[in-house]
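# Topology and contacts: notes
Letter by letter, the chains look like this.
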Amino acid sequence: QEEVSASQARAMLATGTGRLLDCRCGLEVLEPRIPGALGLPLDQLRWDMHALDRGTHYIVCCRSGLLARVAAYLLRLQHYRATPLAGGINAWPYELEWA
């Protein structure tokens, strides 16, 4: 499965060709996040994905990338454009913010 590197994701965000989707669940949502990321926990994704825009390319992130791979797969099954962020937030070398 294809992944987007942090530098690729940052370029996509800067040009408006991608949107970050943070799929962390539980207490992980209280940890630092990438600024501007839309929060949609993996455990709610199946029920709430209808609110997402099918024309948007989502860069799906979590702490390490594992949940993001699952979330991106589920989104693609429903014909959304979704690619996981390689290495997750742990590998994001740029700014973070507290939720």
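Note: the structure precedes this text.
Here is a short report on the structure shown in this document. (Residues numbered from 1 in each chain as written. Predicted model: local features only at pLDDT ≥ 70, side-chain atom pairs only at ≥ 80, totals over all residues. Heavy atoms only, no water.)

This part takes up the pattern of salt bridges. Scanning all chains against the criterion turns up seven salt bridges. Residues Arg24 and Asp22 are paired through a salt bridge, measuring 2.8 Å at the closest nitrogen-oxygen approach. Side by side, Arg24 and Asp22 carry an identical accessibility label, which is buried. Residue Arg33 is joined to Glu97 by a salt bridge in which the shortest nitrogen-to-oxygen separation is 2.9 Å. With Arg33 in the loop between strand 1 (19-22) and strand 2 (38-39) and Glu97 in the segment after strand 4 (81-84), this residue pair connects regions lying 64 residues apart in the sequence. Taking the relative accessible area as the measure of exposure, Glu97 reaches 27% and is therefore partly exposed. Salt bridges sharing common partners tie together Asp22, Arg24, Glu28, Glu31 and Arg63. (Salt bridge = Lys/Arg side-chain N within 4 Å of Asp/Glu carboxyl O. Buried < 20%, exposed > 50% of the residue type's maximum accessible area, 1.4 Å probe, protein only. Helix = DSSP H or I, 4+ residues; strand = E, 2+ residues; numbered from the N terminus.)

Keep in mind that these numbers describe shape and distance, not what the molecule does.
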